[in-house]
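# Structural description and commentary
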Amino acid sequence: MSATAATSRRKPADPPEHRRAVGAMVRAARLDRGLSLGAVGDRVGTSPVMIHHVESGRSRMPRARIAAAAEVLGLAPEAFDRPSLAAQDALEAAMLIGFRHLPESERLALLQMVTLEGRP
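What this report covers is the structure whose coordinates are included nearby. On a predicted model such as this, the values are computed, not experimentally measured, just so you know.

About the cut-offs
- Residues numbered from 1 in each chain as written.
- Predicted model: local features only at pLDDT ≥ 70, side-chain atom pairs only at ≥ 80, totals over all residues.
- Heavy atoms only, no water.
- Helix = DSSP H or I, 4+ residues; strand = E, 2+ residues; numbered from the N terminus.
- Buried < 20%, exposed > 50% of the residue type's maximum accessible area, 1.4 Å probe, protein only.
- Contact = heavy atoms within 4.5 Å.
- Areas by Shrake-Rupley, 256 points an atom, 1.4 Å probe, with all protein chains shown as cover.
- Arc of directions from axis to C-beta.
- Axes fitted to C-alpha atoms, helices over the stretch in contact; angles between N-to-C directions.
- Parallel < 35°, antiparallel > 145°, perpendicular 65-115°, else oblique.
- Nonpolar A, V, L, I, M, F, W, Y, C, P; charged D, E, K, R; others polar.

### Considerations on the overall build of the chain
Per the secondary structure count, the chain includes 7 helices and 0 strands. Here the chain holds 120 residues, and the buried ones make up 28% of them. Look at the contacts in the chain between residues 6 or more apart in sequence, and 57% of them connect residues 24 or more apart. Accessible surface, the chain as shown: approximately 7700 Å² in total, 58% of it carbon and sulfur.

Set out below in structure tokens:
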């Protein structure tokens, strides 16, 4: 296989705003669990520097580590790929994590209130 063919099969680089959104989500989840960069790196099988690079939006989580990172951080693996599932900033990520910790009845009541507020 030529270098050109191998390059054309690679997934295009994530836009910076997506990497930042995923990074904010990862950082908020890590802090919510009281974990250090080193603890997450150890559990995911990568270095604390790599976790820092992901959180800062400099790098994306290596494909081989997404499932482990999602499990350690309590996130959906799809959130690493779909910007719509990633929070826009650390505050929004913290809010989403808090929402996930609510009892189901409270989540449903909150969702109902939000959807009713958005209607004319």
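Now that the structure has been shown, we can carry on.
### Comments concerning helix α5 (residues 66-73)
Those residues of α5 that fall on the buried side of the exposure criterion are I66, A69, A70, V72 and L73. Along the axis of α5, the buried residues cluster in a sector spanning 165°; they form a single face. Exposed residues lying more than 90 degrees from the buried face of α5 are A67 and E71. Each element contacted by the buried residues of α5 is listed here: α2 (16-32) and α3 (37-44). Remark: G74 follows α5 within two positions and exhibits a positive phi of approximately 70°.

### A few points about the packing of α2 against helix α4 (residues 48-56)
Packing of α2 against α4 leaves a shortest axis separation of 6 Å and a crossing angle of 120°. Between α2 and α4, the angle is such that the two are oblique. Counting all contacts with α2, which are made through R19, R20, G23, A24, V26, R27 and R30, the residues of α4 involved are V54, E55 and S56. Considering only residue class, the contact of α2 with α4 consists of 3 nonpolar, 2 polar and 5 charged.

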